Each structure stands twice: as structure tokens, then as C-alpha cells.
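Overview (structure and organization)
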Amino acid sequence: MSAVKEGNTLSLFVNGKKITENHADPETMLLSFLREKLRLTGTKYGCGGGGCGACTVMVSRYQPATKTITHYSANACLLPLCQLHGAAVTTVEGVGSTKTRIHPVQERIAKAHGSQCGFCTPGMVMSMYTLLRNKPQPTMEDITQALAGNLCRCTGYRPIIDGCRTFCQEADCCKANGANCCLNEGESTDEPQHETPQLFDKSEFLPLDPTQELIFPPELILMAETASPQTLTFRGERMSWVSPASLEELVQLKTSNPKAPLVMGNTNIGPDIKFKGVLHPLIISPTRVTELFEVTQTPQGVFVGAGCSLSELLSLLEKLVHQFPEEKTELFRALIQQLRNLGSQQIRNVASLGGNIMSVYPNSDLNPVLAAGNCKVIVISSGGRRDVPLNQDFFVSFGKTILKPDEIVVSVFIPFSRKGEFVRAFRQAPRKESAFATVTTGMRVFFSEGFRLVEDVGIYYGGLGPTTVSAAKTCTAIVTRPWDDETLSRAYDVLLDELVLPPSAPGGKVEFRRSLALSFLFKFNLEVLQKLTELNVITDEPPEKIHPLPREIQPSLQEFQRVSEGQNDQDPVGRPIMHRSAISQATGEAVYCDDLPRTDGELFLAVVTSSRAHAKITSLDVSEALQLPGVVDVITAKDIPGQKVRSAFGYDEELLAQTEVSCIGQMICAVVADTRAHAKRGAAAVKISYEDLPGPVFTIEEAIEKSSFFEPQRTLEKGNVTEAFKTVDQVYEGVMRMGGQEHFYMETQSMLVVPVGEETEFNVYVSTQWPTAAQEAVAETLDIPSNRVTCHVKRIGGAFGGKVTKTAILASITSVAAWKTNRAVRCVLERGEDMLITGGRHPILGKYKVGFMNDGRIMAADIQYHTNAGNAIDESLLIVEKVLLHMDNAYNFPNLRGRAAACRTNLPSNTAFRGFGVPQSIMVVENMVNDVAMVLERPVDQIREINMYKGPSVTPYKFEFSPENMRRCWEECKVKSDYGARRRAVERFNQQNRWKKKGMSIIPIKYGIAFAESFLNQAAALVHIYKDGSVLVTHGGTEMGQGIHTKMQQVASRELRIPPSKIYISETSTNTVPNTCPSGASFGTDANGMAVKNACQTLYQRLEPIRQKNPKEPWESWVRAAFFEKISLSATGFHRGPDLYMDWEKMEGQPYAYFTYGVCCCEVELDCLTGDYRTVRTDIVVDIGRSVNPSVDIGQIEGAFMQGLGLYTLEELKFSPSGLLYTRGPSQYKIPAVCDVPLRFNVYLLSDSNNPHAIYSSKGIGEPILFLGSSVFFAIKDAVAAARSESGLVGPFSLDSPATAERACLACASPFTQKIPAGKPGSFKPWALNI
Ligand SMILES: Cc1cc2nc3c(=O)[nH]c(=O)nc-3n(C[C@H](O)[C@H](O)[C@H](O)COP(=O)(O)OP(=O)(O)OC[C@H]3O[C@@H](n4cnc5c(N)ncnc54)[C@H](O)[C@@H]3O)c2cc1C
Ligand code: FES
Ligand code: FES
């Protein structure tokens, strides 16, 4: 080390500008550096752990050895700033801006309606931009790969994909429904192309011109070419960073600091530091040691430098498989398959091969394949070099290998395969892409000459133990034997005995994991048999070839009505107008709460939460926290000057717990400090002691047993259920359990409370759906009148019901800190905290008894619903009511009884979530209808049709309505989806395939719009016309991606007869429009639209005399004239919505203004051996009256459907037996990603529908379609039923929601799942609770 100079200056470029840092802190990640230091807030924080892609940037580096520049996408949240010496970083701001020019990627995602709340959009832009920098004409596969690690909770991805698709070569991209479009196959193409209105016009798009991109800074090239190697050292508050310049120096460093980690991609060490609080005083960064990046080819195989990224490894292997004969590249191909599915592209671009091996994840995707493939690592230390085989001895235990702490992996040897050798890899993960595997495996077999006997075999698994495990005994049972049924069937039995997981194994899914082990061996068997057949070793009938599930996303259809011929060209109502902020969202200029600049002396607040589910707080010691650098104060309940609780329905919820806690995650106190990092460290230093209280209640069953409910419970009854059961042909009883759902809005809960400095006045900038609720809560907490608190909401990065009650509580706590310190205080929850604290959708347990006739008529149903409400009432009572009000869904059951209760448990309180109980309610009912069909052995669509409302109808609560449009949706959906023919095709497919099955379903929804609490059906607006003719509209709705501001702009444009460009909407604030109602219940446009209309009409009428005088003058001159004539150019508007009510005593009322209808048909393909499935096609027909904005409404439909798909098939919250939420980030909780989009995703808005109850005859649409995601669930259930019939199982069966791969696979009851003994309930403590 002495021979080289030490440097401590970090030089990098950001968006073409040189940045020099003399005091880079090793703990600083690029994301916070960009956002806080450079004020480049376009790059967003979504999770901090590489799992969401919101922070994606492009990193470019010059490689002096090859004299090339590489560009790759990376997650800024995991990129240590110190790692970026010599790199050029491009953020969304560097790609394009409204001040200069927007980039075609930004334009196309925005104009294709791919940005709703916009929080994910900069990340999407950056992933796509990086792809285009490397490949200006990508394929669809390139695009889906590039976007696989970018989550979006709003759009459902379809519009993003369609926008990006426009960069594909024409040959890859069909004409999206136009003439000769592949989608029109079999459909009439007589209609001329221009007759079909399109959501966007491709011809408007700027061309992609690669010459316009930022050039790589020549200074960095010079630096890389000429700089003499220098050790780089950076020292921070708690951590030092050393980047050696040579291998020799690296070895010396590691010898003297064996405990210091080698940080390459930081994708393992980074999350450990962030989420597990691991502190490394010294970090060694070997990224400049060239030997770690060398690739050498030999006749036996290839040595790959341990520092090579997984993307580099993938490209190398892809190149090699083209250069060498197939038989030599068996192992390479197996590795390629794993690498394509490992993490996201952003992760693979930085994660190193050596890092992956040495992280020794129990479910590493590479280690089992490398081990099965007889690879070895070449390691170096001060003791010299040695080769170490990657075999069963290598993986010692959790996180441990046989390597010594000072040994460094220099390279990995990957051998060519030999003639007669077959290698395969399989993995099954909770989501198809960007998810750690549940079980992953590498398998290799080598046959003796003539393929008679197995000479050698290697089988390794990940996910079946604390580290990669070898199935050594199974291998022994196979080796020296012929590859035949006898050998294999013995092998399955040995494997089952060999790889035993205890029933309470960490990670759960024990039966599934064990059955996957068998299924993978079976799949390997099929593949080997296939190979042997191809080589004519076997001459029998070839076994079934299990093709991978289809994955190519095709262009989709969006059908909507053109505006009427007479409509003025300038009138935007009814046209697919782009979200009004989409461009600023795509350029990163759109401002979210945490993007607001820091104010002078601003503090950050971090909350401290309970670690016990039910306990007395015996002491709270904040002394250590107060000693820490930067910590200013700790806020407890004692500091609250006003109301210490929020109250609802007679129950109190404490803002900060004082003496007792009732769930893990309940807030107890909050630490305020000068920076985020200091506040978090302060929070971690608060010491709380507890005394556990007896009998915490977690599950619905426990709550029922202990009668732990929030009262009142509700009942709704129609007809005489008891009597009706006596007259029916058959009775069936069933149970349906449905898990909860995390909102996973991309922007976590965020707020900034700024004391104005006089008369206890506060400005509250908050990401909430209900500014008035936050205002009231802050005022009550501080014991000041509401007129001192102004809440401002510019936009919200997604909400879905989760930013109402909990946001008000958080804003109250933050306001106490601001009041006490008299300084601005910001609170932005980390993703994990947000998931832990704020609750989500209520899990539900539905029990039903149904009586029906043999002809399919359901005559009686008795349903009992229990929701898991958690520790506070929140809105649970209203949710329970809505559950009952929707239990009839589309069906006229003559006798129906529903009872519903909210269970009080020791889990974080659940709250509103898009659909507000309806998605749970109807799920139970549809499952019941499904069971009836299965009992009767009749197609379920027929049973649905038989029982559907017809003609003038009455709901169980005696509300009269016409179901005509629902039936039209049903019929149209059957036609559009070609239901009959495709059902027959599904049946044919199922007869021909044993291990893959298809399933279909068609499901209706009838959804009530508006608030049953009548007072919430009101809205107000304030419209100003300024002297230059520009118009400022303010209304009570908040913009959370649903496009309400865009629609309000359209309304104002129509009413004032001016183009939308003259109209601006700045924010929602309580000092412009007071006493607002929440943006929810799909009622925002209905209510606020009428208020804006009312205000605009007032203003338009005031201008009438001026217009009369000068009808030909432009708008601006009328406005000026009006000002000079002293006419007020400001008006309020008000809408008094319908007087709705529900009388629960009488069980009657009119709780809704009208119904929105929809029907969805889905088809899935299921791999019965793994439970993996793909939605092949989705067709949705929706009646939303006359759409105010078809692009916004279709966006709501697609987004809600995908959120429903997540709810019913993917998203699983897991709680520990002590009530701790395990799933606290995107790594553990999987929301749908690009890989989950239906391959064909068609949406049709019902034509010729009018709605007299809402603005311009439209209908509310935000929530209803979420339930239709269940059609994927029922299609899976249909496919599972086909699989079960192969095992001789017929009739109803239980499949809980979500129908994850685990549940679907186990329900298929294959011979492999049937081999797994189920753990005896009660004999062990399961890893997770079934809440
Ligand atoms: C969101 C996300 C998704 C992921 N998905 C998957 C997945 O699906 N499948 C999967 O297999 N993995 C997955 N991973 C894990 C990822 O592949 C590994 O974290 C990564 O390969 C580690 O490499 P790194 O360079 O980032 O390691 P670092 O974090 O930099 O280092 C990890 C460890 O390896 C040691 N190390 C690094 N290089 C060497 C060396 N040359 N010699 C000795 N020790 C060394 C370090 O000391 C350290 O202890 C995922 C990770 C994330 C964050
Ligand atoms: S914030 Fe970086 S990936 Fe989520
Ligand atoms: S638009 Fe993608 S998360 Fe909101």
C-alpha cells in the first residue's frame, strides 16, 4: 500500500456536470446525494432496497482496456456514492426537460397515458432510456426485460408498454388494431381504420435521435487513460471506505482487515446495512482491481472474473452458446436461464458473480447450478492462490462458506459440458420476475458411453435449507443405474427423505417447497427423456414436453366511443386527453411532498414503534437518543397540547401510545433530528421496556372465540332464508378465506409541517386524499382553530384509500414536533415503516350456506363475514356495511342473509382500500356460485347467468335499479372474448396436456357509487379568472394519479369555452376550498366536476353582457373588459350531492347514487407442477356511461384490474406468530410487475350508455374494476379443477385467496404434492399466522 498514493477526492459527472466531493461519506447512497445535495429530486425513493426501480439512473463508464463506454441502469438507492469515482451518472433531469426539450421516451410514456400518479415514471423513463442508449431499436422482449424491475401501482403497465413499444422495429410491433392488425384475426376488418378512435397518435411522436444524447465526459476518458493508480480513501461519521488500486494491495488490505466486506454491487451488503442495522467500520471496494474482471477461455471452459456483473456474465454466456456446439454449452444455457430471471436488470447490472456466490443466500439462483455443474472458485490470500470446488463442502451453513475470512475470490471456472451430459436449472418464485426464488435448482446428469447408465449426477437446491444443499443421497440412488422409471421413482422417495424441512421452517411454504423439489426432479426427468428421444436412445413415445409459459405481451385493444359529430373541436370532454401533469412527471419536474426544498432549520422526524403486540409500557428511556449527534428532541404523548386521540364510532385511537400497546408497529414516540440519518439513529436508540399482557388475538378465529369485535355488527336480510332452505333441491356449505393487501402506493406517507411563526399558524404540506381531515386532526392535536392550519396537496404518489386516517395521525404527530421545536418538521416513512404501521385491506373469512335447485337457481344463501380489523376501528365499521351492501353482486337471490363483524385483533389497524370491502364481499359470493356450479357439474357461467338480475330489479336493501347495462356488458364480453369457442379450445388443450392446464372465467360486477354517509356527497370549487385570461381552478378533490385535475380542466374548458391550455390547477388546499370530502368512493369527478361546472357557469354568465357587446372579440379581451367594468372574475361553485341513506334497523335504504357495471373474461395457463401461471388474455367490458376522458378512465380500469390481480393471485402479507409483519418491502411483498400483465389485455367501454346521475352522463370508475381481477383467480381455479380431475378428484374444493403459485400447485393435487405429508396442525408452531 505504501507504493501508491492515497486520494480522497471523489470525482464524477452528473448529467454532464462535474461533481467533486472531498468529504464523501461511505454511508451516503447516490439517491440521497442526488435528492438532498444536488436537489435532483426526479429520482425517487420507493423502497431503498433495489426492489421497486423508482430510483433508476443510468451509469456510464469508460473501459480503458477496450476503449469502450458502457451504459447500464442501476438503483441509486443501493449505489454507494464512493463507488462512483470516474463514472458519469444520468438522471431523469439529464434526459430531457420542459425547459429545453423533452426526450422521446418521456414524451411517449406520457402521451401513451403511461403516467398516472407519476411516481414511478422517472424510473420507467430511465430504464427505457438506458435500453435505447444500448439498443435504439429494441425488441418487445428487451423492453419487458428492461422494465421488469420497475414497479407501478397505478397504470397496470399496459400503457407504459404501449408507449415503449413504439420504439420497436415495425416488424416486431403489430399495428395495434389498425388495418391488418394481428388482433383483428377472425374479426371483421371491413371497417376502415380511421373509424376506430385511438388513445394516442403515434405520428405526433418525436423521432429518437441518438446523436442528441449527452456525450460521455471526455475528462473521464482522460482520467481513466492517464491516472496513475491511487488508493482512494473516504472517511465518514461511522464508516471508512478504501478502494485499492491493485490485487496485491487488495490482498494486503483483506489480510489486515478480514472482517471488512468487499463491496462490489452492494446489493447484499447495502440492504444489510439499511434494513438490519449492520455496521461495517471499514469497507473495501475492489472495483478497480482489474484481475477481478478478467475473462479467460481454455479448452476446458471459461474463467470469469469474480467482479464481473451478472449482466456481463449473461452476455458472455449468450455469446459463447452461439460459438460452441450445443453439447458443450449445457451448463452455460442453464446459467443463462437462471440469470435472465435473477433479480432485475438494475440488480444484475451491478451485482457481481463473486458477490452472489459469497453472499451464500439460501435461495441463490447461481450456486445450485454452479455446484451441480462442477464449477470451482479460484481464491487468493496472503497465503497464495488455490482452487476450491463449488460442491457440497463449500456451502457450510447460513451465510458461511469454507473460505477463510481473508480469502478473496478472483475468478470462477465454468466448464464446458461433455457429450452425454445434460444440465438444467429450474426455479419457482412468488412472482415470475424480479423475485427471489422459493425453490431453485441445478441438475446435471452424465451418461456413460451409449447412454446406458448414469455415470455421474449432481443435484443441488436452493430454498430447502439454510444454504445451498446437495441431494447427495438422491444422486447415489441414480448413479450407475439406467435412467428409467424404476430409478427415478426410487429417486423421488430418497429425495423426499433426504431433504426434510421442519414444519415451522423459516419462510414457511413447507409442503410447497418440498413438492417443488420433487416436481423439479420430475421436470428434469422429462427433459432428459426428451433429449434421449432426440438422440434416438429412447424410441418409445416421447414424454410430454412442458413448454415454458407464454410471455410475449401483444398489442391490446382499447375501444371507446368517439365524441358526437356536432361537438366543438375545442371542447375536450369525452376525448382521450393526456393526464395534465404527465410530461412533468416524465421529466422528473413534478413536485411531490418530499421533493419540496428544505426550509431553514428544518428537522426530520422518525417514529418509534412498539415491538410487542399486547403489552404494558413499563419504561421509556430516551436519554441515549438525546445524546446522539443531531438529535434535537423526542416527542411523546405528554407533549401533545390538545387532543391525544382520534375518535371514530365511539372508539379512541391514541396518536402515540402512553401506557399500553395493542400491536407491533403502534407508534409510541418520535425522534426529531437535523437529518434523516440522525433521526433514524435516534429512533433506534430509544429504549422501551414492556410487560406482556396475556392473550393477544391475531386471527379471525381467535377473535371469534374470544368475542373480540368492534361493535355494532351488521345484518342484512331479504326474504325468508330459513324457510327457503327447506324447499331447495340441494344445500352446500363452504368457506372462503381472503388475505389482506398492502396499498403499496409508490410514494410512502410524507408530510412537512411548517410553523408560520405567528399566531400558531401552520402550513402543512401533506400527501393525503383528504386535506380537511389532516387539517382538523392537526388543529385538534395542537388545540388551535382550524383557521390556523392550511393543508396543501400538490399531488399524491398513489393513495388507494391508504392516505386518509393514518396520514392524519402522522400529520398530527409531526405538527406536535413542529409546534414544540418551532421549526419545520418533515416526516417521510421508509417503505418498511409504512407497511408496518399503516395497515391495509381487511382480510376476511366468509362462511356460506347455499340452497339451490337442480336447474341452477340459487334460492337461498346465508353468509357470515368476519373481517380482521386490527387494533383500532378506523373505517372498519363502514367497510363491514359495504361488505353487506354488495353481497348480492349481480344476482337476484330471492332469499339472502348476510351478517358481518369487524374483529378486533392485536395487529396494525386496517383501513380503507380501493373497493372498501367490496372486493372481499363479492369474492365470497362468487366462490359460492362457483361451488354451486361444481356441485351441479355445470359450467359456472351458466349458473351466473341463470341467477343474474333481469328487468326492473330491487336490491336486498330495497333499492330499485335497472340491470340492463350489466346484462349488455355480459353479452358483449362473451362476444368480444369469443367465449364459447375459446372455452372449447381450453377443453381441448386440457385433454392434450397432463402437466399444464388452461382455465377460463367470466365474472360480472355491479358497484354502487357515492357515499352512503350522505353528508360526504358534497363538493365545492373556486375558480379565478385573471386579467390575462388565464384561469385558476381549485376544487376539493386531490390528484393522486386518477386524473381528477385533468377531468376538472376539461369541465372548466367546456363550461368557459376556452382551451384547456388556459386553465391551470395548482394544488388542493384548505384555504381555497374548505370542508372538503375525501377523494374516494369513486365519486371525486361526480362531485367536484359539478362544483367546477357550477363555478364556471356563474363566471360565464357574468361575462355574458360583455360577450353580447363584442361577440367576435377573443376571450382575453372579454376578461379585460369585465375587469374594467368591475365584474367579479372569481366564483365559488358548489354541488349538493344525492341524499343517500341506509337504515340498518329496517334493512333498507338508498346508499348509492347509481351502479357502475363491468364484466371480465380471463384465460390463464397453469403449470400444475409449480403453480406458476400466466394470464393469456383478458377482455373487460365496462359501463361507465359517457366517459369524460376515455384515456383516464381506461387507465383506471386497467390499473384497478391489475391491483385486483395482485390481490387475488399474488400479494401475501405474512405475520409472525408474535404478530410482526414479515413482509415489509418489495423483496418480500410482491405486487404485480410487467411480467404479470395479461398477454392480451383488451378494454371496451360500453357504447350508448347514459347516466343521468353524474356529470355529462359519466360514471364513477376508480374502484369498481378492482374486483374483476378475481376473474384471474377463478380462471386459475378452473385450471386447477382440470388438473384435479386427472387425479380423479371432482367437485368443489377449497382455494383461498390469493391463489398464489403455492396454493394453486398444492390444490392441483399432483402425484408429487400428494407424496408430501402435511404437518399435523397443533403439533408445531407455523412460521406465519393465517390471520
Ligand atoms: C432486489 C434484489 C433482488 C435479488 N434477486 C435475486 C435473485 O432472484 N436470485 C439471486 O440469486 N440473487 C438475487 N439477489 C441477490 C444478488 O444477486 C446478490 O446480492 C449479488 O449477486 C451480490 O453481489 P454484489 O456484488 O452486489 O455483492 P456485495 O453486496 O457487494 O457483497 C456481498 C458479499 O460478497 C462478498 N464478496 C463480494 N465479492 C467477493 C469476492 N470477490 N471475494 C470474496 N468475497 C466477496 C462481500 O464481502 C460481501 O460479504 C437480489 C438482490 C436484490 C437486492
Ligand atoms: S428506491 Fe431504489 S429500488 Fe426502490
Ligand atoms: S403511475 Fe406508476 S406508480 Fe403511479
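Structure's up top.
Residues numbered from 1 in each chain as written. Chains lettered and ligands numbered in written order. Predicted model: local features only at pLDDT ≥ 70, side-chain atom pairs only at ≥ 80, totals over all residues. Heavy atoms only, no water.

This brings us to the overall build of the protein. Secondary structure assignment for the protein yields 37 helices and 51 strands. Computed over its C-alpha atoms, the radius of gyration of the protein comes to 31 Å, within 12% of the 34 Å expected for a compact globule of 1331 residues. Principal-axis analysis of the C-alpha atoms gives the protein an extent of 90 × 80 × 70 Å. Out of the 1331 residues belonging to the protein, those deemed buried represent 64%. Contacts in the protein between residues at least 24 apart in sequence constitute 78% of all its contacts with a sequence separation of at least 6. (Helix = DSSP H or I, 4+ residues; strand = E, 2+ residues; numbered from the N terminus. Rg over C-alpha atoms; globule rule 2.2 N^0.38 Å. Buried < 20%, exposed > 50% of the residue type's maximum accessible area, 1.4 Å probe, protein only. Contact = heavy atoms within 4.5 Å.)

An α-helical segment advances 3.6 residues per turn. Residues three or four places apart therefore align on the same side. With 17 residues, helix α24 (residues 805-821) extends 25 Å between its outermost C-alpha atoms, agreeing within 8% with the 24 Å of an ideal straight helix rising 1.5 Å per residue. Just downstream of α24, N822 is the residue with a positive phi angle, here 55 degrees. (Expected span 1.5 Å × (residues − 1).)

Our focus in this paragraph is the pairing of strand β26 (residues 651-654). On a regular strand, each side chain points to the face opposite its neighbour's, so the side chains alternate between the two faces of the sheet. In β26, alternate side chains face the same way, and those of Y651 and E653 are buried while those of D652 and E654 on the opposite face are not. Here strand β25 (residues 645-648) pairs with β26 via 4 bridges, running antiparallel. The residue of β26 that forms the bridge with R646 is E653. In this antiparallel pair of consecutive strands, β25 and β26, the connection spans 2 residues, and F649 shows a positive phi of 50 degrees. (Pairing = 2+ DSSP bridges.)

Another point: the packing of aromatic side chains. Applying the stated criterion to the full structure yields 33 aromatic pairs. With a centroid separation of 6.5 Å and an interplanar angle of 15 degrees, the aromatic rings of F744 and Y1229 are classed as stacked. Of this pair, F744 sits in the loop between β31 (730-738) and β32 (750-755) while Y1229 sits in the loop between α34 (1190-1209) and β51 (1240-1245); the two residues are 485 residues apart in sequence, bridging distant segments of the chain. Take Y1229: its relative accessible area is 1%, and that puts it in the buried class. (Phe/Tyr/Trp six-rings, centres within 6.5 Å; stacked < 30°, edge-to-face > 60°.)

This part covers the sheet that holds strand β42 (residues 1018-1025). Pairing is mixed in the open sheet, where 4 strands are placed in the order β44-β43-β42-β46. Of all the strands in the sheet, the pair left with one neighbour each is β44 (1063-1064) and β46 (1130-1136). For β42 and β46, the ladder comprises 7 bridges, and the chain directions are antiparallel. Across the sheet, residue V1023 finds its bridge partner in β46, namely A1131. Of the strands in this sheet, β43 (1031-1035) and β44 are in contact with helix α31 (residues 1044-1056), which crosses β43 at around 125 degrees. (Axes fitted to C-alpha atoms, helices over the stretch in contact; angles between N-to-C directions.)

Among the secondary structure elements, P159 is positioned in helix α6 (residues 158-165). You can call P159 buried: its relative accessible area is 1%. Linking P159 and S556, residues 397 residues apart in sequence, is a C-alpha distance of 9.6 Å. Apart from the residues within four sequence positions on either side, P159 is in contact with A112, H113, G114 and E1198.

Helix packing for two helices is described by the angle between their axes and how far apart those axes are. Where α31 meets helix α32 (residues 1084-1109), the axes come as close as 9 Å, and the angle between the chain directions of the two elements is 30 degrees. By the angle between their axes, α31 is roughly parallel relative to α32. Seen from above, α31 lies across α32 with right-handed handedness. Between α31, through I1044, K1047, M1048, V1051, A1052, E1055 and L1056, and α32, the contact on the second element is made entirely by G1084, T1085, N1088, G1089, V1092, K1093, C1096, Q1097, L1099 and Y1100. Here the residues of the contact of α31 with α32 sort into 9 nonpolar, 5 polar and 3 charged. (Parallel < 35°, antiparallel > 145°, perpendicular 65-115°, else oblique. Left-handed = near helix turned anticlockwise from the far one by under 90°. Nonpolar A, V, L, I, M, F, W, Y, C, P; charged D, E, K, R; others polar.)

Of note, the bond from E711 into P712 is cis; its omega dihedral lies within 30 degrees of zero at 0 degrees. Positionally, P712 belongs in strand β30 (residues 709-718). Going from S1297 to P1298, the amide bond is cis rather than trans, its omega being 5 degrees. Here P1298 is to be found in the loop between α35 (1270-1286) and α36 (1301-1308). Positive phi, normally seen in glycine, also occurs at F744, with a value near 50 degrees. We classify F744 as buried; its relative accessible area is 0%. The phi dihedral of F916 falls on the positive side, at around 50 degrees, and the residue is not glycine. By the secondary structure assignment, F916 is in the loop between β38 (895-904) and α27 (918-936).

Using the criterion set out here, one finds 77 salt bridges in the structure. Between E107 and K111 there is a salt bridge; the shortest N-O distance is 2.9 Å. Of this pair, E107 and K111 both sit in helix α3 (residues 104-111), separated by 4 residues, roughly a single helical turn. Since its relative accessible area comes to 24%, K111 is described here as partly exposed. Between R153 and E1211 there is a salt bridge, and its shortest N-O distance comes to 2.8 Å. A residue pair is termed long-range when its members are at least 10 positions apart, and R153 in the loop between α5 (140-147) and α6 and E1211 in the loop between α34 and β51 qualify at 1058 residues. We classify E1211 as buried; its relative accessible area is 1%. Members of the salt-bridge network, linked through shared partners, are R35, E36, K44, D594, D595, E602, R676 and R826. (Salt bridge = Lys/Arg side-chain N within 4 Å of Asp/Glu carboxyl O.)

Let's shift gears to the site of ligand 1. Taken together, 31 residues lie around ligand 1, and M264, G265, T267, S352 and D365 are the ones closest in. In the model, an oxygen atom of ligand 1 is placed 2.9 Å from a nitrogen or oxygen of the N268 main chain. At a separation of 2.6 Å, an oxygen atom of ligand 1 approaches a polar side-chain atom of S352. For ligand 1, the accessible surface in isolation is 980 Å², of which the surrounding protein chains cover 93%. Elements represented by at least two residues in the shell around ligand 1 include exactly α13 (353-359) and β16 (408-415). The element that contributes the greatest number of residues to the shell around ligand 1 is α13, accounting for 5 residues. Residue classes in the shell around ligand 1 are distributed as 16 nonpolar, 13 polar and 2 charged. (Near = heavy atom within 4 Å. Polar contact = N/O pair within 3.5 Å; in protein donor to acceptor, adjacent residues only side chain to side chain. Areas by Shrake-Rupley, 256 points an atom, 1.4 Å probe, with all protein chains shown as cover.)

It is worth spelling out the sheet that holds β38 at this point. Ordered in space as β30-β38-β37-β36-β31, the 5 strands form an open sheet in which the pairing is mixed. A single partner strand is all that each edge strand has here, and the edge strands are β30 and β31. Along the sheet, successive strands turn relative to each other by an average axial angle of 10 degrees, direction set aside. Here β30 runs beside β38; their pairing, made up of 7 bridges, is antiparallel. Note on β38: the bridge partner recorded for E717 is R897. The strands touched by α27 within the sheet are β31, β36 (844-852) and β37 (858-870), with β36 carrying the most contacts at an inclination of about 40 degrees.

What follows covers the nonpolar core. Counting residues in each nonpolar core, the largest one holds 258 residues, and the members touching the most others are Y157, Y865 and F1201. When residues in this core are grouped by element, the largest group, 11 residues, is from α27. Not counting residues up to four positions away in its chain, the partners in contact with Y865 are I844, L845, V883, L884, M887, R899, A900, A901, Q920, S921, V924 and V925. Counting 77 residues, the second largest nonpolar core, distinct from the first, contains A74, C308, L331 and I357. (Core = buried A, V, L, I, M, F, W, Y, C linked by side-chain atoms within 4.5 Å.)

Attention now moves to the pairing of strand β5 (residues 68-75). In terms of strand pairing, strand β4 (residues 56-63) meets β5 through 8 bridges, oriented antiparallel. Its bridge partner being in β5, V59 is matched across the sheet by Y72. Adjacent in sequence and paired antiparallel, β4 and β5 are bridged by 4 residues, among which K67 carries a positive phi angle near 55 degrees.

Here helix α17 (residues 510-534) crosses α36 at 70 degrees, and the two axes come no closer than 10 Å. When the axis of α17 is compared with that of α36, the two are roughly perpendicular. As for the relative orientation of α17 and α36, their crossing is left-handed in sense. Residues E511, F512 and S515 of α17 form the contact with α36, whose own contacting residues are A1301, E1302, C1305 and L1306. Split by residue class, the contact of α17 with α36 holds 4 nonpolar, 1 polar and 2 charged.

Relative to the 16 Å expected for 12 residues at 1.5 Å per residue, helix α23 (residues 771-782) spans 16 Å between its end C-alpha atoms, a close match to the ideal helical length. Burial within α23 is extensive, with 10 of its 12 residues counted as buried. Considered for burial, the residues of α23 that qualify are P771, T772, A773, A774, Q775, A777, V778, A779, T781 and L782. Tucked into the core, α23 has its buried residues touching β25, β33 (762-766), β34 (789-793), α24 and β45 (1068-1069).

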